[in-house]
Amino acid sequence: MFPIQPRSSYSYNVQFIITADTPTDVDIISKYAEINRTVVITTGVAYIDIPTLAINLETGRTLITVMILAYQLITVVELFSKSYCKYNSPCESTSFIVLPFNKLGRQYSLTTYPKYHQNCGIMATATNTTSIIESASVLNISVQGATINPSQKFKLVLDYLKGFNVNTDTNLTGTKFNANKPIVVI
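The structure displayed is predicted, hence computed values, not measured ones.

Definitions and limits used
The residue numbering used here restarts from 1 in each chain and proceeds along that chain's sequence as written. Only residues with pLDDT of 70 or above have their local features reported here, since the model is predicted, and side-chain atom pairs are shown and tallied only from 80 upward, although totals for entire chains, interfaces and linings are computed over all residues. Hydrogens and water molecules were not included; the side-chain quantities draw on all heavy atoms of the structure. Only DSSP runs of H or I reaching four residues or more are called helices, and only runs of E reaching two or more are called strands; each is numbered from the N terminus. The classification of residues rests on relative accessible area computed with a 1.4 Å probe and restricted to protein chains. Under 20% of the type maximum is buried, over 50% is exposed, and intermediate values are partly exposed. Contact between two residues is taken to exist if any of their heavy atoms lie within 4.5 Å; hydrogens are not considered. Following DSSP output, two strands are said to pair if at least two bridges run between them. Axis definition: a line fit to C-alpha positions, over the contact stretch in the case of helices; interaxial angles, taken between N-to-C directions, run 0 to 180 degrees.

Student: So what exactly am I meant to see when it comes to the overall build of the protein here?
Tutor: A count of helices and strands for the protein gives zero helices and 16 strands. Expressed as a percentage of the 186 residues in the protein, the buried residues total 40%. Pairs at least 24 apart in sequence give 74% of the contacts found in the protein among residues at least 6 apart.

Student: Looking at this structure, how should I read the sheet that holds strand S6 (residues 67-70)?
Tutor: Taken in spatial order, the three strands line up as S3-S2-S6 in an open sheet, and their pairing is antiparallel. Strands with a single pairing partner mark the edges of an open sheet, and in this sheet they are strand S3 (37-41) and S6. When the angles between neighbouring strand axes are averaged without regard to direction, this sheet yields 20 degrees. Bridge count between strand S2 (residues 24-29) and S3: five bridges; the pairing is antiparallel. Residue pairing across strands places Asp25 opposite Val40, the latter belonging to S3.

Fair warning: the whole summary comes from geometry, so function is off the table for now.
Put into C-alpha coordinates, the structure is as follows:
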(Lines give C-alpha, C1' and ligand atoms only; values in the text may rest on other atoms or scores of the structure.)
Protein backbone atom coordinates (compact mmCIF):
# COMPACT_ATOMS: atom_id res chain seq x y z
CA MET A 1 0.00 0.00 0.00
CA PHE A 2 1.21 3.51 -0.68
CA PRO A 3 1.60 5.72 2.33
CA ILE A 4 0.46 9.28 1.79
CA GLN A 5 2.83 11.85 0.34
CA PRO A 6 4.16 14.22 3.02
CA ARG A 7 2.74 17.73 2.96
CA SER A 8 5.34 19.86 1.26
CA SER A 9 5.86 22.01 -1.79
CA TYR A 10 8.02 19.31 -3.37
CA SER A 11 6.87 16.55 -5.65
CA TYR A 12 8.10 13.06 -4.89
CA ASN A 13 9.22 10.07 -6.92
CA VAL A 14 8.04 6.65 -5.78
CA GLN A 15 9.86 3.44 -6.61
CA PHE A 16 9.79 -0.21 -5.61
CA ILE A 17 13.20 -1.86 -5.35
CA ILE A 18 12.76 -5.63 -5.55
CA THR A 19 15.63 -8.06 -5.02
CA ALA A 20 15.77 -11.84 -5.41
CA ASP A 21 18.51 -14.44 -5.02
CA THR A 22 17.08 -16.61 -7.81
CA PRO A 23 15.30 -15.61 -11.03
CA THR A 24 11.59 -15.09 -10.47
CA ASP A 25 8.44 -13.49 -11.84
CA VAL A 26 6.94 -10.75 -9.68
CA ASP A 27 3.33 -9.66 -10.16
CA ILE A 28 2.41 -6.13 -9.09
CA ILE A 29 -1.36 -5.96 -8.63
CA SER A 30 -3.45 -2.85 -8.03
CA LYS A 31 -6.86 -1.37 -8.73
CA TYR A 32 -4.83 1.57 -10.10
CA ALA A 33 -4.35 0.21 -13.64
CA GLU A 34 -1.08 2.01 -14.49
CA ILE A 35 0.74 0.09 -11.75
CA ASN A 36 -0.24 -3.45 -12.79
CA ARG A 37 2.56 -5.44 -14.39
CA THR A 38 4.65 -8.58 -14.22
CA VAL A 39 8.39 -8.11 -13.82
CA VAL A 40 10.91 -10.87 -14.49
CA ILE A 41 13.92 -10.56 -12.20
CA THR A 42 16.91 -12.32 -13.75
CA THR A 43 19.83 -10.20 -12.52
CA GLY A 44 18.89 -9.96 -8.84
CA VAL A 45 17.22 -6.55 -8.74
CA ALA A 46 14.39 -4.64 -10.41
CA TYR A 47 13.53 -0.94 -10.08
CA ILE A 48 9.85 -0.18 -10.60
CA ASP A 49 8.89 3.49 -10.98
CA ILE A 50 5.36 4.31 -9.81
CA PRO A 51 3.29 7.14 -11.38
CA THR A 52 3.18 10.26 -9.21
CA LEU A 53 -0.61 10.31 -9.60
CA ALA A 54 -0.73 7.18 -7.44
CA ILE A 55 0.28 9.16 -4.35
CA ASN A 56 -2.72 10.23 -2.29
CA LEU A 57 -3.08 13.22 0.06
CA GLU A 58 -6.62 12.49 1.22
CA THR A 59 -7.90 10.86 4.37
CA GLY A 60 -10.41 8.09 3.75
CA ARG A 61 -10.98 5.27 1.28
CA THR A 62 -8.57 4.81 -1.59
CA LEU A 63 -7.94 2.47 -4.51
CA ILE A 64 -4.26 3.37 -4.43
CA THR A 65 -3.04 0.11 -2.97
CA VAL A 66 -0.58 -2.45 -4.25
CA MET A 67 -0.10 -6.16 -3.63
CA ILE A 68 3.13 -7.82 -4.74
CA LEU A 69 3.18 -11.54 -5.48
CA ALA A 70 6.39 -13.46 -6.17
CA TYR A 71 7.10 -17.08 -6.97
CA GLN A 72 10.44 -17.12 -5.11
CA LEU A 73 11.62 -15.35 -1.96
CA ILE A 74 12.06 -11.59 -2.56
CA THR A 75 12.74 -8.41 -0.60
CA VAL A 76 10.74 -5.28 -1.43
CA VAL A 77 11.71 -1.76 -0.39
CA GLU A 78 9.55 1.23 -1.24
CA LEU A 79 11.50 4.45 -1.79
CA PHE A 80 10.18 8.01 -1.68
CA SER A 81 12.50 10.80 -2.77
CA LYS A 82 12.19 14.43 -3.79
CA SER A 83 12.00 14.73 -7.55
CA TYR A 84 14.10 17.89 -7.51
CA CYS A 85 16.15 19.85 -4.98
CA LYS A 86 16.75 23.57 -4.77
CA TYR A 87 20.10 25.24 -4.09
CA ASN A 88 19.69 25.75 -0.34
CA SER A 89 17.28 22.87 0.23
CA PRO A 90 18.62 19.42 1.09
CA CYS A 91 17.46 16.43 -0.89
CA GLU A 92 15.33 14.06 1.15
CA SER A 93 14.25 10.47 0.79
CA THR A 94 12.59 7.86 2.92
CA SER A 95 12.03 4.14 2.47
CA PHE A 96 10.55 1.15 4.20
CA ILE A 97 10.53 -2.61 3.75
CA VAL A 98 7.25 -4.11 2.57
CA LEU A 99 6.21 -6.96 4.86
CA PRO A 100 5.05 -10.33 3.52
CA PHE A 101 1.35 -11.22 3.50
CA ASN A 102 1.84 -14.41 5.51
CA LYS A 103 3.13 -12.33 8.43
CA LEU A 104 0.06 -10.11 8.62
CA GLY A 105 -2.53 -10.27 11.34
CA ARG A 106 -5.93 -9.01 12.39
CA GLN A 107 -5.02 -6.82 15.37
CA TYR A 108 -2.57 -3.91 15.50
CA SER A 109 -1.73 -1.02 17.81
CA LEU A 110 0.17 1.97 16.41
CA THR A 111 3.30 3.63 17.72
CA THR A 112 4.18 6.91 16.00
CA TYR A 113 6.38 9.95 16.49
CA PRO A 114 4.30 12.25 18.69
CA LYS A 115 5.28 15.66 17.30
CA TYR A 116 5.09 15.11 13.55
CA HIS A 117 2.48 14.74 10.86
CA GLN A 118 0.79 11.35 11.16
CA ASN A 119 0.11 9.02 8.22
CA CYS A 120 -1.36 5.57 8.50
CA GLY A 121 -2.90 3.24 5.95
CA ILE A 122 -4.71 -0.08 6.03
CA MET A 123 -5.43 -2.41 3.12
CA ALA A 124 -7.77 -5.38 2.88
CA THR A 125 -6.28 -8.66 1.69
CA ALA A 126 -9.68 -10.32 1.17
CA THR A 127 -13.20 -9.33 0.14
CA ASN A 128 -15.71 -8.15 2.73
CA THR A 129 -13.12 -7.29 5.39
CA THR A 130 -14.63 -5.51 8.38
CA SER A 131 -12.13 -3.25 10.11
CA ILE A 132 -12.59 -1.27 13.31
CA ILE A 133 -10.35 1.69 14.11
CA GLU A 134 -10.36 2.63 17.79
CA SER A 135 -8.87 6.08 18.35
CA ALA A 136 -6.58 6.52 21.36
CA SER A 137 -6.18 10.23 20.72
CA VAL A 138 -7.48 13.01 22.94
CA LEU A 139 -8.27 14.98 19.77
CA ASN A 140 -10.70 14.41 16.90
CA ILE A 141 -9.55 12.96 13.57
CA SER A 142 -11.32 14.21 10.43
CA VAL A 143 -12.28 11.54 7.90
CA GLN A 144 -13.88 12.69 4.60
CA GLY A 145 -16.58 14.85 6.19
CA ALA A 146 -16.93 12.62 9.27
CA THR A 147 -15.03 12.68 12.55
CA ILE A 148 -13.45 9.97 14.69
CA ASN A 149 -13.83 11.20 18.27
CA PRO A 150 -11.47 10.24 21.11
CA SER A 151 -12.04 6.60 22.20
CA GLN A 152 -14.61 6.13 19.40
CA LYS A 153 -14.72 2.94 17.34
CA PHE A 154 -14.89 3.68 13.61
CA LYS A 155 -16.16 0.73 11.55
CA LEU A 156 -15.58 0.26 7.82
CA VAL A 157 -15.87 -2.58 5.33
CA LEU A 158 -13.20 -2.93 2.65
CA ASP A 159 -12.96 -5.26 -0.33
CA TYR A 160 -9.85 -6.90 -1.75
CA LEU A 161 -7.04 -4.36 -2.40
CA LYS A 162 -9.17 -1.46 -1.14
CA GLY A 163 -7.49 0.80 1.38
CA PHE A 164 -8.18 3.43 3.97
CA ASN A 165 -5.76 6.27 4.77
CA VAL A 166 -5.54 8.43 7.87
CA ASN A 167 -3.67 11.69 7.33
CA THR A 168 -3.66 13.97 10.39
CA ASP A 169 -1.68 16.15 12.78
CA THR A 170 -3.31 14.29 15.68
CA ASN A 171 -1.04 11.79 17.46
CA LEU A 172 -2.07 8.26 16.47
CA THR A 173 0.00 6.36 19.07
CA GLY A 174 -2.16 3.74 20.74
CA THR A 175 -4.77 3.71 17.96
CA LYS A 176 -5.99 0.14 17.53
CA PHE A 177 -6.99 -1.73 14.37
CA ASN A 178 -9.07 -4.89 14.52
CA ALA A 179 -10.32 -6.84 11.51
CA ASN A 180 -12.13 -10.09 10.80
CA LYS A 181 -9.52 -11.01 8.13
CA PRO A 182 -5.79 -10.22 7.78
CA ILE A 183 -5.05 -6.61 6.88
CA VAL A 184 -1.95 -4.60 5.95
CA VAL A 185 -1.18 -1.71 8.31
CA ILE A 186 1.49 0.87 7.44
